[in-house]
Amino acid sequence: MAAEREPPPLRDGKPTDFEELEDGEDLFTSTVSTLESSPSSPEPASLPAEDISANSNGPKATEVVLDDDREDLFAEATEEVSLDSPEREPILSSEPSPAVTPVTPTTLIAPRIESKSMSAPVIFDRSREEIEEEANGDIFDIEIGVSDPEKVGDGMNAYMAYRVTTKTSLSMFSKSEFSVKRRFSDFLGLHSKLASKYLHVGYIVPPAPEKSIVGMTKVKVGKEDSSSTEFVEKRRAALERYLQRTVKHPTLLQDPDLRQFLESSELPRAVNTQALSGAGILRMVNKAADAVNKMTIKMNESDAWFEEKQQQFENLDQQLRKLHASVEALVCHRKELSANTAAFAKSAAMLGNSEDHTALSRALSQLAEVEEKIDQLHQEQAFADFYMFSELLSDYIRLIAAVKGVFDHRMKCWQKWEDAQITLLKKREAEAKIMVANKPDKIQQAKNEIREEIEEWEAKVQQGERDFEQISKTIRKEVGRFEKERVKDFKTVIIKYLESLVQTQQQLIKYWEAFLPEAKAIA
Amino acid sequence: MEVHPEAGKEGKPSCALVELQGDSSLQVEISDAVSERDKVKFTVQTKSCLPHFAQTEFSVVRQHEEFIWLHDAYVENEEYAGLIIPPAPPRPDFEASREKLQKLGEGDSSVTREEFAKMKQELEAEYLAIFKKTVAMHEVFLQRLAAHPTLRRDHNFFVFLEYGQDLSVRGKNRKELLGGFLRNIVKSADEALITGMSGLKEVDDFFEHERTFLLEYHTRIRDACLRADRVMRSHKCLADDYIPISAALSSLGTQEVNQLRTSFLKLAELFERLRKLEGRVASDEDLKLSDMLRYYMRDSQAAKDLLYRRLRALADYENANKALDKARTRNREVRPAESHQQLCCQRFERLSDSAKQELMDFKSRRVSSFRKNLIELAELELKHAKASTLILRNTLVALKGEP
């Protein structure tokens, strides 16, 4: 369906241009579909003879002309560079909670991996409709795991290396199972590359996990306490979810940078991702400039769909943040409950020891044991609260920021088109002036110059319109896909979370049922 | 704020705290209570066929200070030195609850109307629970007195139960409070002294054991009580956390246009119900565990006080012996020394006998109370866990069933 758009003023009626435009669009979508299908089976019919190769670096290399340096910086600026917000501290602070081992959460996370793997094989030789259907139908056979965090080096130069394991039957990969070692900045580097290629044309690129100078410093300094193990586990799980979301995106999956990230044993170090590097500071400055610019772009939205969706996402963002804050409080209090239960268990045991009535003494000791087991239960539930519920919410808060970013790019695209139209108008006015000017000797040269410029700007206007239509189209598709994913994601996690609550209650029943006869045995 | 709890018999904590062999000749209960600004007014109702009373059924209105007056009267009475005096009820303390209600009233604009209503409901329930507890504490104090064969015959007790007018007992002023505080210090110092006294040998194994036992027990039960309180408060905190979560899920649900709408709304409902269950877990732990531990902490202190009085009597006896010996050597004032020694001996033996009985009663009282409360605690925990499982499972079925 053709996106409605405001026709730019003073359009020269050139039907041939329109037709070319239509073809151009077809070109574009078939490029996309080529990327989605396996490179070994290109579609015969609609492929033009031009420079569309299976190894193209995404839409960037073909039709979209990036002659504006600003675009690159904008892409950079939408990356997540923010440091950990203070509200994360309750989880990381060294509370007097009993030693927290990362072992438990992994067992909670493991089932999640299984739920995310799609085991239906990819069908080759598909038509374009089938490809589009499939893109909406999540049948990608690829499973990613991030595991075995290992500290490499020591002192302030130390870093954590994570093992990234891929299991897949997709033929674009050379093996069906392989693993590599990656560090956190590698992940950031990957995101940076993907964002710079795909964000400004309307693809919702999943954001990478946030940096944390505080958290990492503790790990570097070598503190082997529970808060740093918790931090590493939190990061590991976040990195895993990040990769899983990225490979689920049909377009991103085809990206060679992603493939290189997953496959190649050596990866050039991404230095521009450091928070305090020159590039990092430049990013922060641009982000600020960006925010100011956003406020001054007034777009004439002719498509109600976009306005509606933006409002929807804004509301969703607000509500998710509220919920996230409440869930964080829940996690905190459940941990407190666990600690208090453990303390009570100890004092109940002591009381049982001093009690001189034998049967009562035994019952009190049993009570102490029950309470100790319950404390463990509370701890595990707190992990579930966090890793399932809380992290899902924070992931989506950041994802929605990416969605908002994509809408903003569309606005900028429109602005560019607008600007081109305004410039074209000015050039035409200038031409008209020259026509009536009275300088015969200079007139021919000026006429030619202005003619050239007008042609140049006409092309830019056309390009601008094409880009705008393309980004609008892509966004519609992306939002549709995103919403589908979101529904599935939330449903899966909610069900898993409720199952964890059920399990806790069942354990409680078990413990108290075992205790009851002991209490009754007091004679 | 006027609060009238039901005077019903259902689940009165007093029954759980102390198993009393009541006989129907004297029945005491607090039939009503009113909370006014600063004080609570208890209506003490007595049913008795004892000849001493003018009527068979009558009630009076008493305040907390009058209970304390009665308790102190017993403690200071030499006749009851060999008995465990039931611990005085704690002062009604609504400070914390009132403060919370006030803070809620001051308002937090980010809270929705429903959330506010729920939080207010929770705080009011808390206030009511504290109120019910204080009524129970005062009641059990009186009921123990009424059940004790010796203590029930006390004249002050009759006055307390029957005298229609105000007893004109004001709360202790600063000097008296300080006096009480000093008395406690003197008592502990004295106890330390007499135990260190040479020649003061504990002849009775039973008491030796009891002393060691009670000292340790009292410390540990106080510890357990404090920690049980913290657990209970954490549970309450958790229950309160479900309020904003449920509200946020509700908002999310109403905004959604896709399948997540029903999911979120069901989840919101689930958390609301889980909140109520979690709240009940908290209050049951409070009643069955915390309160019980607290009561026996006070009761064990009363038992310790008894042991102290007996020890004091023993010391007096020893001193009297020494004085008698001295008098005999000098052959002066032998007679008075003899009679004094006799008195001390008799007093000591009287105290020892009754103390032995009291301590054994204390033990059986304690054991049966713990048994009852632990059984009820386990049963209630099971009940709540099963209810939670049921509503969780129902929600899961509903969520999985959706396309």
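What you see is a predicted model, and the numbers here were worked out from it, not measured in a lab.

Engineer: Explain the overall build of chain B to me, please; I cannot follow it from the model alone.
Structural biologist: Each helix and strand counted, chain B has nine helices and three strands in total. If you list the helices and strands of chain B from N to C, you get α-β-β-β-α-α-α-α-α-α-α-α. Its C-alpha atoms give chain B a radius of gyration of 27 Å, more than 25% over the compact-globule value 22 Å for 403 residues. For chain B, the C-alpha atoms occupy an extent of roughly 110 × 45 × 40 Å along the three principal directions. The long-range fraction of contacts in chain B, counting pairs at least 24 apart against all pairs at least 6 apart in sequence, stands at 77%. Accessible surface, chain B: about 20,500 Å² in total, of which carbon and sulfur atoms supply 52%. Side chains of chain B give 64 positive and 66 negative charges; the mean places of these two sets differ by 2 Å.

Engineer: What exactly am I supposed to notice about the confidence of the model for chain A here?
Structural biologist: Where the model shows low pLDDT, its predicted coordinates should not be examined in detail. All names here are of chain A. Here chain A averages 75 in pLDDT, and 67% of its residues register 70 or above. Predicted confidence for residues 1–130 stays below pLDDT 50, and this span has 205 contacts to residues more than four positions away or in other chains. This model gives residues 132–138 a pLDDT under 50, and the stretch forms 10 contacts once residues within four places in sequence are excluded.

Engineer: I would appreciate a short explanation of the packing of aromatic side chains in the present structure.
Structural biologist: All names here are of chain B. Following the criterion strictly, the structure yields 31 aromatic pairs over all chains and no others. Residues Phe42 and Phe67 carry aromatic rings whose centres are separated by 5.5 Å and whose planes lie at 70° to one another, so their mutual orientation is edge-to-face. In this pair, Phe42 sits in strand β2 (residues 40–48) while Phe67 sits in helix α2 (residues 64–76), placing the two residues 25 residues apart along the sequence. Centre to centre, the rings of Phe53 and Phe58 are 5.2 Å apart; their planes meet at 50°, and the pair counts as tilted. For the pair Phe53 and Phe58, a shared accessibility class is recorded, and that class is buried.

Engineer: Would you explain the sheet that holds strand β1 (residues 26–35) of chain B in this entry?
Structural biologist: Two orientations exist for strands paired in a sheet by backbone hydrogen bonds: parallel and antiparallel. All names here are of chain B. Judged by pairing direction, the sheet is antiparallel, and its three strands sit side by side in the order β1-β2-β3 without closing on themselves. Both outer strands of the open sheet, β1 and β3 (57–63), are each paired with one neighbouring strand and no more. Averaged over all adjacent pairs, the angle separating strand axes in this sheet is 25°, with direction ignored. Here β1 runs beside β2; their pairing, made up of nine bridges, is antiparallel.

Engineer: Looking at this structure, how should I read the domain arrangement of chain A?
Structural biologist: Size of an interface: often given as the accessible area lost when the parts come together. Residues and elements named next belong to chain A. In terms of domains, chain A is made up of domain 1 (139–288) and domain 2 (303–522). Taken together, the 21 residues of domain 1 in the interface contact 22 residues of domain 2. Carbon and sulfur atoms make up 57% of the surface buried where domain 1 meets domain 2, a total of about 1,900 Å² over both sides. Per-residue buried area on domain 1 facing domain 2 is highest for Ile204, Arg241 and Arg245; these three make up 32% of the total on that side. Where domain 1 touches domain 2, the interface holds six salt bridges.

Engineer: Honestly, the interface of chain B and chain A in this entry has me stumped. Any pointers?
Structural biologist: Contact with chain B, which involves 66 residues of that partner, is made by 57 residues of chain A. Counting the surface lost from both chain B and chain A, the interface buries some 5,500 Å², and carbon and sulfur atoms represent 72% of this. Summed over the shared surface of chain B and chain A, the result is six salt bridges. Seen at the junction of chain B and chain A, the total is 13 residue pairs in polar contact (both at pLDDT 80 or more). Taken together, the elements giving at least two residues each to the side of chain B that touches chain A come down to α7 (205–255), α8 (260–330) and α9 (334–401) of chain B. For the side of chain B that touches chain A, the element with the highest residue contribution is α7 of chain B, accounting for 26 residues. Each residue belonging to the side of chain B that touches chain A can be placed in one class, and the counts come to 35 nonpolar, 14 polar and 17 charged.

Engineer: What should I look at first to understand helix α5 (residues 155–162) of chain B in this one?
Structural biologist: Spacing of three or four residues puts side chains on the same side of an α-helix, whose turn is 3.6 residues. Residues and elements named next belong to chain B. Every buried residue of α5 is listed here: Phe157, Phe158, Phe160 and Leu161. Within α5, the buried residues cover an arc of 160° as seen down the axis, which keeps them to one side. Residues of α5 that are buried sit in contact with β1, β2, β3, α2 and α4 (113–147). Its side-chain oxygen at 2.9 Å from the backbone nitrogen of Asn156, Asp154 defines the N-terminal cap of α5.

Engineer: Got a minute to help me understand the nonpolar core in this structure?
Structural biologist: Proteins that are soluble and globular tend to have nonpolar side chains buried together. Grouped together as the largest cluster of nonpolar side chains are 157 residues, with contacts concentrated most on Leu262 and Trp512 of chain A together with Leu293 and Phe370 of chain B. By residue number, the principal contributor to this core is helix α13 (residues 358–436) of chain A, which donates 30 residues. Val40, Leu70, Phe141 and Ala146 of chain B belong to the second-largest nonpolar core, a separate cluster that totals 30 residues.

Engineer: Please explain the UniProt feature "coiled-coil region" (unreviewed entry) in chain A as it appears in this structure.
Structural biologist: Following the UniProt record, one finds the feature "coiled-coil region" (unreviewed entry) at residues 443–474 of chain A. Between the end C-alpha atoms of residues 443–474 of chain A the distance is 46 Å, and the span holds 100% helix and 0% strand.

Engineer: Mind showing me how you'd approach the packing of α13 of chain A against α9 of chain B here?
Structural biologist: Two packed helices can be described by the angle between their axes and the distance between those axes. The contact between α13 of chain A and α9 of chain B brings their axes to 11 Å, and the two run at 35°. Crossing angle aside, the handedness with which α13 of chain A passes α9 of chain B is left-handed. Touching Leu360, Leu364 and Leu367 of chain A of α13 of chain A are Val367, Phe370 and Leu374 of chain B, all from α9 of chain B. Residue classes in the contact of α13 of chain A with α9 of chain B are distributed as six nonpolar, no polar and no charged.

Engineer: Any chance you could explain the packing of helix α6 (residues 184–198) of chain A against helix α8 (residues 226–248) of chain A here in plain terms?
Structural biologist: All names here are of chain A. Remark: α6 packs on α8, axes separated minimally by 12 Å, with the N-to-C direction vectors making an angle of 30°. When the axes of α6 and α8 are compared, the pair comes out roughly parallel. Judged by the twist between their axes, the crossing of α6 over α8 is left-handed. Only Arg235, Leu239, Tyr242, Leu243 and Thr246 of α8 make contact with α6, whose side of the interface consists of Phe184, Phe187, Leu190, His191 and Leu194. Broken down by class, the residue content of the contact of α6 with α8 amounts to seven nonpolar, two polar and one charged.

Engineer: How do you make sense of the domain arrangement of chain B when you look at a structure like this?
Structural biologist: Domain boundaries assigned for chain B yield domain 1 (174–201) and domain 2 (205–402). For domain 1 of chain B and domain 2 of chain B, the distance between their C-alpha centres works out to 27 Å.

Engineer: Can you help me understand the pairing of strand β2 (residues 159–168) of chain A in this one?
Structural biologist: All names here are of chain A. For strand β1 (residues 142–152) and β2, the ladder comprises nine bridges, and the chain directions are antiparallel. Residue pairing for β2: Gly145 is matched across the bridge by Thr165. Counting the residues in the hairpin turn of β1 and β2 gives six residues, including Gly153, whose phi is positive at 80°. In this sheet, strand β3 (residues 177–183) lies alongside β2 in antiparallel orientation, the contact comprising seven bridges. Residue pairing for β3: Arg163 is matched across the bridge by Lys181.

Engineer: Please clarify how the side chain of Arg245 of chain A should be interpreted in this entry.
Structural biologist: Residues and elements named next belong to chain A. Summarising the element assignment, Arg245 is placed in helix α8. Arg245 sits in the buried class, given a relative accessible area of 11%. There is a polar contact of 3.0 Å between the side chain of Arg245 and the side chain of Asp395.

Engineer: It is not clear to me how the pattern of salt bridges should be interpreted in this structure. Could you clarify?
Structural biologist: Side-chain pairs of opposite charge can arise where the charged atoms are in close proximity. Under the defined criterion, the tally for this structure stands at 56 salt bridges over all chains. Between Asp317 of chain A and Lys404 of chain A there is a salt bridge whose closest N-O contact spans 3.2 Å. With Asp317 of chain A in helix α12 (residues 304–354) and Lys404 of chain A in helix α13, this pair connects stretches of sequence that are 87 residues apart. Of the residues examined, Asp317 of chain A reaches a relative accessible area of 5% and is grouped as buried. Among the salt bridges present, the one from Asp240 of chain B reaches Lys236 of chain B, with a minimum N-O distance of 3.8 Å. Of this pair, Asp240 of chain B and Lys236 of chain B both sit in helix α7, four residues apart, roughly one helical turn. A single salt-bridge network, built from bridges that share partners, covers Lys100, Lys118, Glu122, Glu126, Lys236, Asp240, Glu272, Arg275 and Lys276 of chain B.

Criteria and cut-off values
Residues numbered from 1 in each chain as written. Chains lettered and ligands numbered in written order. Predicted model: local features only at pLDDT ≥ 70, side-chain atom pairs only at ≥ 80, totals over all residues. Heavy atoms only, no water. Helix = DSSP H or I, 4+ residues; strand = E, 2+ residues; numbered from the N terminus. Rg over C-alpha atoms; globule rule 2.2 N^0.38 Å. Contact = heavy atoms within 4.5 Å. Areas by Shrake-Rupley, 256 points an atom, 1.4 Å probe, with all protein chains shown as cover. Lys, Arg positive; Asp, Glu negative; His and termini not counted. Charge placed at Lys NZ, Arg CZ, Asp CG, Glu CD. pLDDT = per-residue confidence, 0-100. Phe/Tyr/Trp six-rings, centres within 6.5 Å; stacked < 30°, edge-to-face > 60°. Buried < 20%, exposed > 50% of the residue type's maximum accessible area, 1.4 Å probe, protein only. Pairing = 2+ DSSP bridges. Axes fitted to C-alpha atoms, helices over the stretch in contact; angles between N-to-C directions. Domains from an automatic or database assignment. Buried area = accessible area lost by both parts, 1.4 Å probe. Salt bridge = Lys/Arg side-chain N within 4 Å of Asp/Glu carboxyl O. Polar contact = N/O pair within 3.5 Å; in protein donor to acceptor, adjacent residues only side chain to side chain. Nonpolar A, V, L, I, M, F, W, Y, C, P; charged D, E, K, R; others polar. Arc of directions from axis to C-beta. Core = buried A, V, L, I, M, F, W, Y, C linked by side-chain atoms within 4.5 Å. UniProt positions renumbered as here; feature names shortened; annotations may be inferred. Left-handed = near helix turned anticlockwise from the far one by under 90°. Parallel < 35°, antiparallel > 145°, perpendicular 65-115°, else oblique.

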